[in-house]
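Letter by letter, the chains look like this.
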Amino acid sequence: RVQAGRKLLLRAGRVFEALRDWRGQVEASHGRGVLHRMEGEPERAVHCFEEMLERNRDRDKQFSIRGLVGLVEARVAAGLIDGVEPWLDQLRSLARESGDTRYIAQATYAAGLLYLRQNRLEACRRHFLTARALAATLGADRMRLACENNLGEVYRYAGVEDQAGRAYERAARLSEHRGWKDLAAVAHQNLALLALKRGDEDGARASIRVSEALLQNHPRHWGWLFVGLMRALWAAEEGDER
């Protein structure tokens, strides 16, 4: 319930600011960043995580780690990768110092996202495999499914289509089972891309229909750009100008 969550966080943030409660302000900034990521608005999420780190000012190590995880992931998602490496190095250092496996897994996953954007496929694959293994031991299912989806991307870029398909299908099946429709929608869009690469247009159309249905409660998610683009392409091929 993203809209309700956003209203409550904004209201709480105003109260924390009036009380000069910096911890409350940090939590409110983090929550708004997470909501923007869920809605596919990474640029707005970047601002919230930067605000979180500024309000924390390195006073609480856990807040610093959480803010850096959010900032690195949001910047990569937004394509703002210039200058990300120092943030990632700081995140890795703090995660190691903490000794917390969850933070180490999150730092490893964030590095994998950056390497995927940089097309460093082997380094990316190693980091996602490590993060997936750590997530499995922690019971962090959402991270594990995100790793599966991104491993599918790695295999697709590398031309290993069978492995890519299996990774996407695992991500789609498990995320739908857990009710994580945003992750499931992206997995089905990736299955559509894979089907197009294989020349299977019926399979691609079926995957897009499923993705569209899963995104109904996420009207501002970036996945709609992909759905719209594919529908426009097919309409053009059918001569349907309108």
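Here the structure is a predicted model, which means the values were calculated and not measured.

1. A few points about the layout of surface pockets
Using a probe with the size of a water molecule, rolled over the atoms, empty space left in the structure can be pinpointed.
Stage number 1. Put simply, the largest pocket is a space of about 1,400 Å³.
Stage number 2. Around the largest pocket, the lining is made up of 38 residues, and of these Arg37, Glu73, Tyr109, Leu113 and Ala146 lie nearest the centre.
Stage number 3. Sorting the residues of the lining of the largest pocket by element identifies helix 2 (22-38), helix 3 (42-56), helix 4 (61-78), helix 6 (101-117), helix 8 (141-157) and helix 10 (181-197) as the ones contributing at least two each.
Stage number 4. When residues of the lining of the largest pocket are assigned to their parent elements, the largest contribution, eight residues, is made by helix 8.

2. As for the packing of helix 8 against helix 9 (residues 161-178)
Stage number 1. Viewed as axis vectors pointing N to C, helix 8 and helix 9 meet at an angle of 155 degrees, and their least axial separation amounts to 7 Å. With respect to their mutual orientation, helix 8 and helix 9 come out roughly antiparallel. The handedness of the crossing between helix 8 and helix 9 is left-handed. Facing Asp141, Arg144, Leu145, Glu148, Asn149, Leu151, Gly152, Glu153, Tyr155 and Arg156 of helix 8, the residues of helix 9 in contact are Gln163, Ala164, Ala167, Tyr168, Arg170, Ala171, Leu174, Ser175 and Arg178.
Stage number 2. Class assignment for the residues of the contact of helix 8 with helix 9 results in eight nonpolar, four polar and seven charged.

3. A few points about the nonpolar core
Stage number 1. Ranked by internal contacts, the top residues of the largest apolar core, which has 49 residues, are Leu88, Leu91, Tyr109, Phe128 and Met143.
Stage number 2. Those elements giving two or more residues to this core turn out to be helix 3, helix 4, helix 5 (84-98), helix 6, helix 7 (121-138), helix 8, helix 9 and helix 10.
Stage number 3. At 10 residues, helix 6 tops the list of elements feeding residues into this core.
Stage number 4. Not counting residues up to four positions away in its chain, the partners in contact with leucine 88 are Val72, Ala107, Ala110, Ala111 and Leu114.
Stage number 5. The next biggest cluster of nonpolar side chains, apart from the first, holds 12 residues, and it includes Ala185, Ala192, Ala204 and Leu214.

4. Digging into the environment of tryptophan 222
Stage number 1. Along the chain, the position of tryptophan 222 falls in the loop between helix 11 (201-214) and helix 12 (223-237).
Stage number 2. A relative accessible area of 40% places tryptophan 222 in the partly exposed class.
Stage number 3. For the pair tryptophan 222 and valine 84, spaced 138 residues apart in sequence, the C-alpha to C-alpha distance is 22 Å.

5. Things to note about the packing of helix 6 against helix 7
Stage number 1. In the contact formed by helix 6 and helix 7, the axes pass within 8 Å of each other and the chain directions differ by 155 degrees. Viewed along their axes, helix 6 and helix 7 adopt a mutual orientation that is roughly antiparallel. In this structure, helix 6 crosses over helix 7, and the sense of that crossing is left-handed. In this structure, helix 6 uses Thr101, Arg102, Ile104, Ala105, Thr108, Tyr109, Ala111, Gly112, Leu113, Tyr115 and Leu116 to contact helix 7, whose residues at the interface are Leu121, Ala123, Cys124, His127, Phe128, Thr130, Ala131, Leu134 and Leu138.
Stage number 2. Its residues assigned to classes, the contact of helix 6 with helix 7 shows 14 nonpolar, five polar and one charged.

6. Notes on the environment of glutamate 241
Stage number 1. With respect to the element layout, glutamate 241 can be found in the segment after helix 12.
Stage number 2. When the C-alpha positions of glutamate 241 and threonine 108 are compared, they lie 46 Å apart, and in sequence the two are 133 residues distant.

7. Considering helix 2
Stage number 1. With 17 residues, helix 2 should reach 24 Å at 1.5 Å per residue; the first-to-last C-alpha distance of 24 Å fits that figure.
Stage number 2. Looking at helix 2, one finds that the buried residues are Gly24, Gln25, Val26, Ala28, Ser29, His30, Gly31, Arg32, Gly33, Leu35 and His36.
Stage number 3. For helix 2, the secondary structure elements touched by its buried residues are helix 1 (2-19), helix 3 and helix 4.
Stage number 4. Looking one or two residues beyond helix 2, the residue adopting positive phi is glycine 40, at roughly 75 degrees.

8. As for unusual backbone geometry
Stage number 1. Phi is positive for arginine 20, close to 55 degrees, though the residue is something other than glycine.
Stage number 2. Mapped onto the fold, arginine 20 is located in the loop between helix 1 and helix 2.
Stage number 3. Backbone geometry places aspartate 58, a non-glycine residue, at a positive phi of 65 degrees.
Stage number 4. On the secondary structure map, aspartate 58 appears in the loop between helix 3 and helix 4.
Stage number 5. The exposure class of aspartate 58 is exposed, given its relative accessible area of 59%.

9. Looking at the side chain of arginine 156
Stage number 1. Along the polypeptide, arginine 156 turns up in helix 8.
Stage number 2. A polar contact is formed between the side chain of arginine 156 and the side chain of glutamate 153, at a distance of 2.9 Å.

10. Focus on the packing of aromatic side chains
Stage number 1. Taken as a whole and assessed by the stated rule, the structure comprises two aromatic pairs.
Stage number 2. Look at tyrosine 109 and phenylalanine 128: their rings are 5.5 Å apart centre to centre, the planes differ by 55 degrees, and that puts the pair in the tilted class. Taken together, the residues tyrosine 109 in helix 6 and phenylalanine 128 in helix 7 connect sequence positions 19 residues apart.
Stage number 3. Its relative accessible area of 9% is what places tyrosine 109 among the buried residues.

The rules we used
- Starting from 1, residues in each chain are numbered consecutively following that chain's sequence as written.
- Thresholds applied to this predicted model are a pLDDT of at least 70 for local features of residues and 80 or more for the giving and counting of side-chain atom pairs; totals over whole chains, interfaces and linings are not thresholded and use all residues.
- The basis for every side-chain value is the complete set of heavy atoms in the structure, and neither hydrogens nor water enter the calculation.
- Only protein atoms enter the calculation, which uses a 1 Å grid: trapped sets of points that fit a 1.4 Å probe without letting it out are cavities, open sets showing protein on both sides within 12 Å along at least five of seven lines are pockets, and any residue with an atom within 4 Å of a point is a lining residue.
- Grid points are joined across faces, edges and corners, and a volume is the space filled by probe spheres set on the points.
- By the criteria applied, helices consist of DSSP H or I runs no shorter than four residues and strands consist of E runs no shorter than two, each listed in order from the N terminus.
- Fitted lines through C-alpha atoms serve as axes, helices being fitted only where they are in contact, and the angles separating the N-to-C directions of these axes extend from 0 to 180 degrees.
- Roughly parallel covers angles under 35 degrees, roughly antiparallel covers those over 145, roughly perpendicular covers 65 to 115, and oblique covers all other angles.
- Put simply, a crossing is left-handed when the front helix is turned counterclockwise from the back one by less than a right angle, and right-handed when it is turned clockwise.
- We call two residues contacting when some pair of their heavy atoms lies within 4.5 Å.
- The nonpolar class holds Ala, Val, Leu, Ile, Met, Phe, Trp, Tyr, Cys and Pro. Asp, Glu, Lys and Arg form the charged class, and all remaining residues, Gly among them, are polar.
- As used here, the term nonpolar core means buried Ala, Val, Leu, Ile, Met, Phe, Trp, Tyr and Cys residues forming a set that is joined through side-chain atoms within 4.5 Å.
- Classification of residues uses two cut-offs on accessible area relative to the type maximum, computed with a 1.4 Å probe and protein chains only: under 20% is buried, over 50% is exposed, and between them is partly exposed.
- Expected span of a helix, by definition, is 1.5 Å for each gap between consecutive residues, and there is one gap fewer than residues.
- We call two N or O atoms a polar contact when they sit within 3.5 Å, provided that within protein one can donate a hydrogen and the other can accept it, with sequence-adjacent residues counted only if both atoms are side-chain atoms.
- Only Phe, Tyr and Trp rings take part, Trp by its six-membered ring, and two of them pair if their centres are within 6.5 Å. Stacked means planes under 30 degrees apart, edge-to-face means over 60, and tilted covers everything else.

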